[in-house]
Amino acid sequence: MADTPYQDLGMSLPNPYAPDEIKSSKDYIFSFAKYIERKSIGLDGQAYNQRVARFSMNRLYALGSQPVEQYLPRIGLENKPSAFANISWKITSPAPKFVEIITNGFMKRDEKVSATNLDPVIAAEKMQKKEKSKFMMRKKEDIAQLEEMSGLQLMPEHVREAESDTEIDLYFDLNNKQTEEIVFEEILQLIVNENKYPELKRRLIRDTIECGVAGTRTFIDYKGRVAIKRIKPENLVTSYSEESDFSNIVYAGEVIPMSLHDLRLAAGNQFTEAEYQDIANKVRSVWGNGNVFYNNASAYANNTYRPYDDSNIMVLNGYYITTRNQKFEKKENAYGGFTVNKRDASYEAPKNSKFKREIIEMKDKVVYKFSLILQTDYMFNYGLETDMIKSKDDLSEVQLPITIYMPNNYQMNNKPLIESMIPTIDQMQMIRYKLQILIAKARPAGLAVAIDGLEDVDLGLGNSLSPLELQEIYDQTGNYYYRAINEDGSYKQFRPIETLPNGMGNQLQELIATYNYLLGTLRDDTGLNEASDGAAVDARAGFRTTQLALNASNNATSFIYDAFVDIMNRTLKKCAILVQDIVCLKGKAYSGYAKVVGGDDLKFIHLNKDAANINFGVSLEMLPDDAKKEELARAIDISIQTGSIKPSDKYMLMAIPNIKVAYQYLKVTENKYRKEKQEDAQKNTEYAVQQQQGAAMAKAQADAQLIQLKEQLKGETMMGLEEMKGVMAQQTKILEEILKSNGAMEQKILAEVPLAVMLNAQQQQQQEAMMQQQAMMQEQQAMEQGMQQGGEEQMMSEEEQMMMEQQGGENPEMMQ
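Cut-off values and rules
Residues numbered from 1 in each chain as written. Predicted model: local features only at pLDDT ≥ 70, side-chain atom pairs only at ≥ 80, totals over all residues. Heavy atoms only, no water. Helix = DSSP H or I, 4+ residues; strand = E, 2+ residues; numbered from the N terminus. Contact = heavy atoms within 4.5 Å. Areas by Shrake-Rupley, 256 points an atom, 1.4 Å probe, with all protein chains shown as cover. Salt bridge = Lys/Arg side-chain N within 4 Å of Asp/Glu carboxyl O. Buried < 20%, exposed > 50% of the residue type's maximum accessible area, 1.4 Å probe, protein only. Core = buried A, V, L, I, M, F, W, Y, C linked by side-chain atoms within 4.5 Å. Pairing = 2+ DSSP bridges. Axes fitted to C-alpha atoms, helices over the stretch in contact; angles between N-to-C directions. Left-handed = near helix turned anticlockwise from the far one by under 90°. Nonpolar A, V, L, I, M, F, W, Y, C, P; charged D, E, K, R; others polar. Patch = residues over 30% accessible without salt bridge, like charges linked within 9 Å, V, L, I, M, F, W, Y side chains within 5 Å. Phe/Tyr/Trp six-rings, centres within 6.5 Å; stacked < 30°, edge-to-face > 60°. Lys NZ or Arg CZ within 6 Å of the ring centre and 35° of its normal. Parallel < 35°, antiparallel > 145°, perpendicular 65-115°, else oblique. Polar contact = N/O pair within 3.5 Å; in protein donor to acceptor, adjacent residues only side chain to side chain. pLDDT = per-residue confidence, 0-100.

A. Structural detail: the overall build of the protein chain. Each helix and strand in the protein chain was counted, giving 26 helices and 15 strands. Taking as baseline every contact in the protein chain between residues at least 6 positions apart, the subset at least 24 positions apart corresponds to 72%. For the protein chain, the computed accessible surface area is about 47,400 Å², with 51% contributed by carbon and sulfur atoms.

Structure below.
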C-alpha cells in the first residue's frame, strides 16, 4: 500500500457499483479511506485544524479562560499591560456560571432504560390479557362462586383487588412486561452504568453547548461487552447531511490522537519495523513532532525502546456503508422439500440437474471499517464489519456504529450556544478592565480655592491669616473664613472654597449601567433569567410566577437536552441489537450480564431463538424532575390533609416513576378510599341501629324482670311480716302463761324486762323492717336505672346483691 501514489488517491468516490470482490479488496477500502480523509480532513489537515481551533476557542470561553491579549488593543493598551501594575488581567467571565447552570439543570433530570417489544402479535396478546382481566373483574362474584365450588383460584390478585377499569389499566401500565423485555432492560441498564453514564451524559451536554454537535460510538470490546464511547466533536468525521440526526449519512469516523507506541498495540504485526519507522518519518514536522529523520530500522528491530515510538500520529477510524449482492440457490430434494445455500457471485446452476434449482439474488447494505494513519499511505484493521447493526424489522438496511446529533443543522453547520454568548462576553470583559483602569486613574476628591477671596482675613487677633492657614482651618474644622466685601464695598458673589468630586465622576455609574445591560443581553442570548441563574427575584412574585419563569428558561434551552436524549435513544437501540446478537446467536455474552439478570433468565433468552428477532423499542424514560416531584408531593399532601387518602399511600405514590401514572393512581386511590369510608360509615350506621335495637330489647327484658322482681319481693316482705307477727303473738302468749303460773318469776321478769320495754322493742323491730323495705325499694329503683344504662348483665348482678341483702337483713333473734 505504501507504493500507491499519495496524490492520486482520494480525489473522487470509488465506484459504488463495483463487484463485491473489488469492494472487499484492500485497494478499494484504501481508496475510500483516502476519499474520506480528503473530504473531511483535507490532505494537509487544514479542515481538521480549523474545526479544532474553533471548538477549542469555544471551550476556552465556556471555562472563562479565553486569551487576554485579544482585549488589549480594544481598550488602547496594546502591548502595554505592565503600565498598570495595580490591574488584574485575569478573566472574570459569567460564561462558566451560565454553562454550569444549564448543564447541572439537565443533570438533575433522571432517566431509566425502557425496552418494549414492538411485535404486533405481542401487543395484541398484552391487550387481550388486559381485556380478560377487565372481564373477570366485572364477573368477580360469579367467578368467586366457581372458586368456592371448585376449590381452585381462578382470579389473579390484581383482578381480585381491582374495582374499576382504571385500576386494571394502571396495573398493566406498571407491570405488563415480558421476561425478554425485563431481561433486556436490565442488561441495557448495566451497559449504561458500566460506561459511566453520569459522566457520559455531562460530556454530551457540554459538547452540544460548546460545539453544537455531539456523538457516540457503539461497539463490542475485547471482553465481549457492549460499550459506548463518546466522540469528541473536534475529531468527528462525517459525510454531508442536512438532517439534525445525520440519519442519511454514508460514512462517519473519528480521528484518534495516539503515539507510535500505541499504534504498535493496536496494529501489532500488521506493520513491519521498517514500516513503523517510515510512518514516523512521514509525520515529522506535523502533529507536534520534531523535524527528525530516522533511518536504519533494523538496528531497533529487537529493542524494547525505539526513539521514534514517541512520535505523535493521527489515526482515522472510519466506517462506510455500501451495497452487497448476495446469490443463493434454492434446490429441491427427493423428500419434496428444498434447501437454500449461499453461492459465489460467479456461480451458475448446472444445466442437467436431477432436481430443480433456482438462483435467488438479493441486495443488502453492509458496513466496512478501516483505520487510516493520516498524512501517510498506511492502513490497518480494515475489512467487513463483523458486528454490523441491522434493524430486526428490515435486515436489508444497516446502521453505522456512530451516532450524531447537531441541533438546527444548516448545511453541516450551526451556531453553538457559547458562540452566541462570545460577543457579549467580550464587551463585558472590556468593561471590567475599564472599570479597573478608571478606578486606578481616578484622582481623589479636592478643593477649588479662590485665593483673592481669602486675602487679608482678620479674625480679631490683630494679624491677617494667609490663604494656606485658612485652608488648614477648613481641613481641621470644616469652617472657612473669607472676605465677602470688596474694597469698594460691594459683595462678592462666589464661594472662595468649593469641594470638587473625585476623578471618576459619572463614568463609573455609566460603565456599571452598561455592564448590567450587557448582562441582560446575555440572558436573552441564552434564554436564562433571574429565576434560573440565581439572581435576586422580586419578593412580590409568587411561587407560580417564579415557576413560569423557570419553565420559560428550560424551554429556551431544551434543544440541548433533546439532543442528548436523541443520541442516547439511538445508541441504546444499537446496544440492544448487539446484545441480541451476542446473547441469542453467539451465546458468548459477557459474564457480567448473567450476574445482573440471573443465569437462568440469560439462558432462557439464549435458548429462545425468537428473542433474536424481537424488534425492541428502546428509549430513555424520563423520570420526574424535582419540580414535578414537588408538585406531586404537594397534591398528595393536600389529599392527605383533606382525608382523601391515607398517609401511608404517599410513599407508594412517590415511588411510581411515571408522573402521569402517579396522578392516575392518586385519583384511583382517592376514589377507592372514599368508597371505603362510605362503606365504613354504612357499617357504623348498621351497627348503631343494631345496638339501639339490642338496647331496646334489653330494656324491655329488664323492665319485665324488674316487675317480676318487685312482685316477688313484695310477696316475700308481706310473708315475713306475717311470720314476725305470729312469732311475737306466740311469744307473748307463752310469757303470759309463765307469769300466771309463777308469780315470783313474773315479778322478777317484770322487774328485769318490763312489758313496756318489750312492746317498745317490738315496735322498733317493726320500724326497722319498714325502713329495710324502703331501702330495698330505693335500691330497686337505682338498679332499674343501672339496667337501662349498663345492660342486662349489670342488672342481674344488682338483683343478686339485693337478694343477698334482703336475706341478710332479717333479725336472727326473731327467726329463732
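Right, picking up where we left off after that structure.
B. Expanded view of the pattern of salt bridges. The tally for this structure, following the rule as stated, stands at 30 salt bridges. Here Arg202 makes a salt bridge to Glu100, at a shortest N to O gap of 3.8 Å. Highlighted residues: Arg202 in helix α10 (residues 197-211) and Glu100 in helix α4 (residues 95-107), separated in sequence by 102 residues. Judged by relative accessible area, which is 26%, Arg202 ranks as partly exposed.

C. Quick peek at the nonpolar core. One finds Ile191, Val226, Met421, Phe564, Met568 and Val618 to be the most contacted residues of the largest nonpolar core, which totals 74 residues. Broken down by element, this core gets its largest block of residues, 16 residues, from helix α17 (residues 558-586). With near-sequence residues (within four places) excluded, Met421 lies in contact with Ala95, Phe98, Leu522 and Thr526. Counting 57 residues, the second-largest nonpolar core is a separate cluster that includes Ala18, Tyr35, Met258 and Val367.

D. Seen up close, the pairing of strand β6 (residues 312-332). With 15 of 21 residues buried, β6 is to be regarded as a mostly interior element. Direction of pairing for strand β5 (residues 251-259) relative to β6: antiparallel, over a ladder of 9 bridges. Each residue of the ladder has a partner; that of Ile256, found in β6, is Val315. Pairing analysis gives 17 bridges linking β6 to strand β8 (residues 357-373), with the strands arranged antiparallel. In the strand pairing of β8, Val315 is matched with Ile373.

E. Region of the structure containing the sheet that holds strand β2 (residues 214-220). With respect to topology, 3 strands assemble into an open sheet ordered β3-β2-β10, the strand pairing being antiparallel. Bordering the open sheet on either side are β3 (226-231) and β10 (402-405), each of which pairs with just one other strand. Along the sheet, successive strands turn relative to each other by an average axial angle of 20°, direction set aside. Bridge count for β2 against β10 is 4 bridges, and the pairing is antiparallel. In the strand pairing of β10, Arg217 is matched with Ile402.

F. The arrangement of the packing of helix α5 (residues 120-138) against helix α8 (residues 165-175) in detail. Direction vectors running N to C along α5 and α8 enclose 145°, while the axes themselves pass 10 Å from each other. As α5 runs across α8, the sense of the crossing is right-handed. On the side of α5, the interface is formed by Lys129, Lys130, Ser133, Lys134, Met137 and Arg138, while α8 contributes Asp165, Ile168, Asp169 and Phe172. Grouping the amino acids of the contact of α5 with α8 by side-chain chemistry returns 3 nonpolar, 1 polar and 6 charged.

G. Spatial organisation of the environment of Phe380. Considering the arrangement of structural elements, one finds Phe380 in strand β9 (residues 379-384). Owing to a relative accessible area of 2%, Phe380 belongs among the buried residues under this scheme. Those residues within four positions of Phe380 in sequence are excluded, and the remaining contacts are Leu263, Ala266, Ala267, Gln270, Phe271, Val315, Phe370, Ser371 and Ile373.

H. Structural detail: the pairing of β3. Within β3, 5 of the 6 residues are buried, leaving the element largely enclosed by the surrounding structure. Two elements, β2 and β3, share 6 bridges in a ladder whose sense is antiparallel. Residue pairing in the sheet places Arg217 in a bridge with Lys229 of β3. Taken together, β2 and the strand that follows it, β3, pair antiparallel across an intervening segment of 5 residues, in which Gly224 is found at a positive phi of about 85°.

I. View of the environment of Leu522. For Leu522, the location among the structural elements is in helix α15 (residues 507-526). Owing to a relative accessible area of 0%, Leu522 belongs among the buried residues under this scheme. As a C-alpha pair, Leu522 and Ile425 span 97 residues in sequence and 7.7 Å in three-dimensional space. Setting aside its immediate chain neighbours within four residues, Leu522 contacts Pro94, Phe98, Met421, Thr424, Ile425 and Met428.

J. Seen up close, a nonpolar patch on the surface. A contiguous nonpolar patch, built from Leu146, Met149, Leu152 and Leu154 and spanning about 440 Å² of accessible area, is present on the exposed surface. Within the secondary structure, Leu146 is located in helix α6 (residues 140-150).

K. Summary view of the packing of aromatic side chains. Under the counting rule described, the total for this entry stands at 17 aromatic pairs. Within the aromatic cluster, the residues linked to one another by ring pairs are Tyr28, Phe32, Tyr35, Tyr251, Tyr320, Tyr368 and Phe370. Over the aromatic face of Phe219 sits the side chain of Arg217, whose NZ or CZ is 4.3 Å from the ring centroid. In this structure, Lys330 packs its charged tip against the face of Phe338, placed 4.4 Å from the ring centre.

L. How the structure looks around unusual backbone geometry. At Phe246, a residue that is not glycine, the phi angle is positive and equals roughly 55°. With respect to the element layout, Phe246 can be found in the loop between β4 (236-238) and β5. Despite not being glycine, Met412 shows a phi value in the positive range, around 65°. Tracing the sequence through the fold places Met412 in the loop between β10 and α13 (417-441). Taking the relative accessible area as the measure of exposure, Met412 reaches 25% and is therefore partly exposed.

M. Looking closely at the packing of helix α11 (residues 260-267) against helix α12 (residues 273-282). For the pair α11 and α12, the least separation of the axes is 11 Å and the interaxial angle reads 140°. Looking at the two axes, α11 sits oblique to α12. α11 and α12 meet at a crossing whose hand is right-handed. Here Leu260, Leu263, Arg264 and Ala267 of α11 lie close against α12, whose contacting residues are Glu273, Tyr276, Ile279 and Ala280.

N. Quick peek at the side chain of Glu329. Inspection of the secondary structure puts Glu329 in strand β6. In this structure the side chain of Glu329 is engaged in a polar contact, spanning 2.9 Å, whose partner is the side chain of Arg357. With residues up to four places along the chain from it excluded, the contact list for Glu329 reads Thr339, Val340, Asn341, Arg343, Tyr347, Ala349, Pro350, Arg357, Glu358 and Ile359.

O. Here's a closer look at the confidence of the model for the protein chain. Confidence in the prediction of the protein chain, expressed as mean pLDDT, is 78, and 73% of residues score 70 or more. pLDDT under 50 marks residues 752-757. Its contacts with residues more than four places away, or in other chains, come to 3 contacts. Confidence over residues 806-816 falls short of pLDDT 50; this stretch has 9 contacts with residues more than four positions distant or in other chains.

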